[in-house]
Amino acid sequence: MSIADHFDHTPDAGFIRTYDNQTARRQFQVSVVLIVVLALAAFALGMLVRFDEPATPIAPASPAKASQVHFAGIMPRVHPL
């Protein structure tokens, strides 16, 4: 049957038109508790993680050294067989 044959306005089984104040308050409180738990976990991880400096400090390369080009040698000629 097509949807055009059903014109009666029956409510859907999963749709709730009324709201219970206690259920909404409990849902809000659970959400707030979950946010607080996640914030505490993020804070604890932030306190536990240490960002150490590198073991050997890296000296910045000077621009003069970076611009010099050095070749290891000349590539040997390859003779075809």
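So, how was this worked out
- Residues numbered from 1 in each chain as written.
- Predicted model: local features only at pLDDT ≥ 70, side-chain atom pairs only at ≥ 80, totals over all residues.
- Heavy atoms only, no water.
- Helix = DSSP H or I, 4+ residues; strand = E, 2+ residues; numbered from the N terminus.
- Buried < 20%, exposed > 50% of the residue type's maximum accessible area, 1.4 Å probe, protein only.
- Areas by Shrake-Rupley, 256 points an atom, 1.4 Å probe, with all protein chains shown as cover.
- Patch = residues over 30% accessible without salt bridge, like charges linked within 9 Å, V, L, I, M, F, W, Y side chains within 5 Å.
- Salt bridge = Lys/Arg side-chain N within 4 Å of Asp/Glu carboxyl O.

Enquirer: Any chance you could explain the overall build of the chain here in plain terms?
Expert: Looking only at helices and strands, one finds two helices and zero strands in the chain. By the burial criterion, 0% of the 81 residues in the chain qualify as buried. Total accessible area on the chain is roughly 9100 Å²; 67% of this is exposed by carbon and sulfur atoms.

Enquirer: Whenever I open this one, a nonpolar patch on the surface confuses me. Can you help?
Expert: A surface patch of nonpolar side chains, amounting to about 390 Å² of accessible area, comprises Phe-28, Val-32, Val-36 and Leu-40. Mapped onto the elements, Leu-40 comes out in helix 1 (residues 21-48).

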